[in-house]
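Secondary and tertiary structure notes
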Amino acid sequence: MTTYPDTVSTMELIKELVSIPSPSGNTDKIIEFVEGKLSGFELKMQRNRKGGLLITLPGQDTAQHRMLTAHVDTLGAMVKSITPGGRLKLSMIGGFRWNSVEGEYCEIQTHSGKVYTGTILMHQTSVHVYKNAGDAPRNEDNIEVRIDEKVSNAEDVRNLGIEVGDFVSFDPRVEMTDSGFIKSRHLDDKASVAILIKLIQHICKEKLTLPYTTHFLISNNEEIGYGGNSNITPETVEYLAVDMGALGDGQSSDEYTVSICAKDSSGPYHYGLRKHLIELAKANDVEYKVDIYPYYGSDASAAIRSGHDIVHGLIGPGIESSHAFERTHKSSLFHTEKLLKAYVQSSLTENR
């Protein structure tokens, strides 16, 4: 029977990460948290101007580099307007559906940093009042935030310090089950951020010498399309996004294996790197699935679109109900970790 002692600690780290609000555009706190987790090691760390975190580990070959990335930014919203009745209309951050956040608890962070709680609801929620409570469209016209404060009009709300442009984050509702699952919002992509943090810690603790100088980018704008398309050194040959496998009808990925992406909405990923990852998986008893994601893009595809001459790939744990009620299993995290440990110590695709 497989045991997962290291992976349980990864799950605990995921729990910490998802509990820190970090919608795209408001990620300073989560980046500080990641810096803290790595501050005890001899690492070169710096923030880019977009607010992401770049970590560099020297390798034997300094002329050819690798880059791995995962993103800390999540789905969320901004206050779009304040209603005459004292509720908040929202503007989406990232690609989710309104029905996936209906009934969710949330936090509103004001410009001054004060935080208020609330609930995301349909305007026509009460079945005792609204005949069409179940039929009204779930959209930005009908979805609103009920603030947990004594407010009855827009002036009351503004007196709290809440204004248009304030960030709204969703309660992750994170739980770890006895059967090995972790379920939470924002496993995309904080599960993989935790995996990269643990990988960096492992390399440092074991004093591993990497074959190539390797950069780890903790990006913070992936959900809006451009988190990982910069800070790629001219020496970078391979770029691997560590994100997630999307599950559903017609998909081969599951919650128990690492997913290796062959193609997404941006087109095919580098065939040679995909084959290399599959060979590493087979050689290291890593359970994997190859998959195609029709409505998906990653930091690696953003890097390609921005003109970088790199070999690009995408892997990650299988995440059920992505951009909604997410869940994965410790075995999927385990196999993703195992593949990455083998990958960072392997030869470059073009040199094989």
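Look up: the structure comes first, before these words.
Quantities reported herein were computed from a predicted structural model and do not represent experimental measurements.

1. Some words on helix H4 (residues 187-205)
With 19 residues, H4 should reach 27 Å at 1.5 Å per residue; the first-to-last C-alpha distance of 26 Å fits that figure. By the criterion of burial, H4 is predominantly enclosed, with 16 of the 19 residues buried.

2. As for the sheet that holds strand S19 (residues 327-329)
The sheet built from three strands is open, its strands ordered S10-S11-S19 with antiparallel pairing. Where the open sheet ends on each side, the last strands, each with one partner, are strand S10 (175-176) and S19.

3. Side note on the environment of Tyr-130
Turning to its location among the elements, Tyr-130 is positioned in the loop between strand S7 (115-122) and strand S8 (143-147). Apart from the residues within four sequence positions on either side, Tyr-130 is in contact with His-123, Gln-124 and Thr-125.

4. Quick notes on the packing of aromatic side chains
Under the counting rule described, the total for this entry stands at four aromatic pairs. When the ring of Phe-96 is compared with that of Trp-98, the centres are 5.6 Å apart and the planes differ by 85 degrees; the resulting orientation is edge-to-face. Residue Phe-96 shares its accessibility class with Trp-98, and that shared class is buried. Each ring, one from Phe-96 and one from Phe-170, has its centre 5.4 Å from the other, and the planes form 85 degrees; the classification is edge-to-face. With Phe-96 in the loop between strand S5 (88-93) and strand S6 (105-109) and Phe-170 in strand S9 (residues 167-170), the pair connects residues that are 74 residues apart, well separated along the chain.

5. Things to note about the packing of helix H2 (residues 28-38) against H4
It is the contact of H2 with H4, at a shortest axis distance of 10 Å, that shows an interaxial angle of 25 degrees. In terms of their interaxial angle, H2 and H4 are classed as roughly parallel. Crossing of H2 over H4 shows right-handed handedness. Where H2 approaches H4, its residues Ile-30, Val-34, Lys-37 and Leu-38 are matched on the opposing element by Lys-190, Val-193, Ile-197, Ile-200 and Gln-201. Here the contact of H2 with H4 is built from residues that sort into six nonpolar, one polar and two charged.

6. A short note on H2
Given 3.6 residues to a turn, an α-helix orients residues that are three or four positions apart in the same direction. Ile-30, Ile-31, Phe-33, Val-34 and Leu-38 are the residues of H2 that are buried. Here the buried residues of H2 occupy an arc of 155 degrees about the axis, which is enough to place them on one side.

7. Description of the side chain of Ser-219
Considering the arrangement of structural elements, one finds Ser-219 in strand S12 (residues 210-219). Take Ser-219: its relative accessible area is 0%, and that puts it in the buried class. Apart from residues no more than four positions distant in its own chain, Ser-219 is found in contact with Thr-69, Ala-70, His-71, Val-72, Asp-73, Gly-227, Gly-228 and Asp-299.

8. So, the pairing of S7
The element S7 is largely enclosed, with a buried count of six among its eight residues. Direction of pairing for S6 relative to S7: antiparallel, over a ladder of five bridges. Along S7, the bridge assignment pairs Glu-107 with Thr-117. In sequence, S6 turns back onto S7 through a hairpin of five residues, with Gly-113 there showing a positive phi of about 100 degrees. The pairing of S7 with S8 spans five bridges and is classified as antiparallel. Its bridge partner lying in S8, Met-122 is registered against Ile-143.

9. Section: the nonpolar core
General note: in soluble globular proteins, nonpolar side chains tend to be found buried as a group. Formed by 69 residues in total, the largest nonpolar core has its most connected members in Leu-17, Val-34, Leu-68, Phe-216, Ile-315 and Leu-340. Looking at which element gives the most residues to this core, the answer is H4, with eleven residues. If we ignore the near neighbours within four places in the chain, the residues touching Ile-315 are Leu-240, Ala-241, Val-242, Asp-243, Met-244, Val-258, Ser-259, Ile-260, Leu-277, Leu-339 and Leu-340. Leu-90, Ala-136, Val-157 and Phe-170 belong to the second largest nonpolar core, which has 23 residues in total.

How each quantity is defined
Residues numbered from 1 in each chain as written. Predicted model: local features only at pLDDT ≥ 70, side-chain atom pairs only at ≥ 80, totals over all residues. Heavy atoms only, no water. Helix = DSSP H or I, 4+ residues; strand = E, 2+ residues; numbered from the N terminus. Expected span 1.5 Å × (residues − 1). Buried < 20%, exposed > 50% of the residue type's maximum accessible area, 1.4 Å probe, protein only. Pairing = 2+ DSSP bridges. Contact = heavy atoms within 4.5 Å. Phe/Tyr/Trp six-rings, centres within 6.5 Å; stacked < 30°, edge-to-face > 60°. Axes fitted to C-alpha atoms, helices over the stretch in contact; angles between N-to-C directions. Parallel < 35°, antiparallel > 145°, perpendicular 65-115°, else oblique. Left-handed = near helix turned anticlockwise from the far one by under 90°. Nonpolar A, V, L, I, M, F, W, Y, C, P; charged D, E, K, R; others polar. Arc of directions from axis to C-beta. Core = buried A, V, L, I, M, F, W, Y, C linked by side-chain atoms within 4.5 Å.

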